[in-house]
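A structural walkthrough
The lines below spell out each chain.
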Amino acid sequence: YNDVAGAVMCKQCTAGHYQIELGRDFCFKCSEGTYQPATGASSCLKCAKGFYQENEGATSCTKCPDRMTTMTEGSISRLDCHYTSCTAGNKVVIQAGRVTCHACPA
């Protein structure tokens, strides 16, 4: 891309951005749920299962907390992280499609 008229050289998109079209004067930000760690990219990568990205223009994804994962690639929120198992003394509770751990009653 090139954002300066009359420039002799083109630029590479910075990490977290991409450009697939020739002759453009800007780069696109990677959308939520995706990232791009490299410069000069032509696409963004989906966050792997167990990771999420809430922001545009990211260079990495955030790992879900311990014992939690996402159901799919490309998750966009910490709320997409679900428990895979609960520690001793807790039970798995599924409510409104969300899986959580609750302490067992006394």
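Residues numbered from 1 in each chain as written. Predicted model: local features only at pLDDT ≥ 70, side-chain atom pairs only at ≥ 80, totals over all residues. Heavy atoms only, no water.

1. Brief notes about unusual backbone geometry
- In this model, Arg67 sits at a positive phi of 65°, which is unusual for a non-glycine residue.
- For Arg67, the location among the structural elements is in the loop between β6 (62-63) and β7 (68-69). (Helix = DSSP H or I, 4+ residues; strand = E, 2+ residues; numbered from the N terminus.)

2. Thoughts on the environment of Gln19
- Looking at where Gln19 falls in the secondary structure, it is placed in the loop between β1 (17-18) and β2 (28-29).
- On the basis of relative accessible area, Gln19 is assigned to the buried category, the value being 11%.
- Measuring from C-alpha to C-alpha, the distance between Gln19 and Cys44 comes to 9.6 Å, with 25 residues separating the pair along the chain.
- Those residues in contact with Gln19, other than ones at most four positions away along the chain, are Cys13, Arg24, Phe26, Cys27, Phe28, Ala41 and Ser42.
- A distance of 2.9 Å separates the side chain of Gln19 from the backbone nitrogen of Glu21, its partner in a polar contact.
- Polar side-chain contacts of Gln19 include one of 2.6 Å to the backbone oxygen of Phe26. (Buried < 20%, exposed > 50% of the residue type's maximum accessible area, 1.4 Å probe, protein only. Contact = heavy atoms within 4.5 Å. Polar contact = N/O pair within 3.5 Å; in protein donor to acceptor, adjacent residues only side chain to side chain.)

3. Some thoughts on the pattern of salt bridges
- All chains considered together, the criterion is met by 1 salt bridge.
- Measuring nitrogen to oxygen at the nearest pair gives 2.3 Å for the salt bridge that ties Glu21 to Arg24.
- A relative accessible area of 38% means that Glu21 is categorised as partly exposed. (Salt bridge = Lys/Arg side-chain N within 4 Å of Asp/Glu carboxyl O.)

4. As for the side chain of Ser77
- Topologically, Ser77 is positioned in the loop between β7 and β8 (82-83).
- By relative accessible area, Ser77 is classed as buried at 17%.
- Here the side chain of Ser77 touches Leu79 through a polar contact of 3.0 Å, landing on its backbone nitrogen.
- Ignoring anything within four residues of it in the chain, the contact list for Ser77 reads Tyr52 and Glu54.

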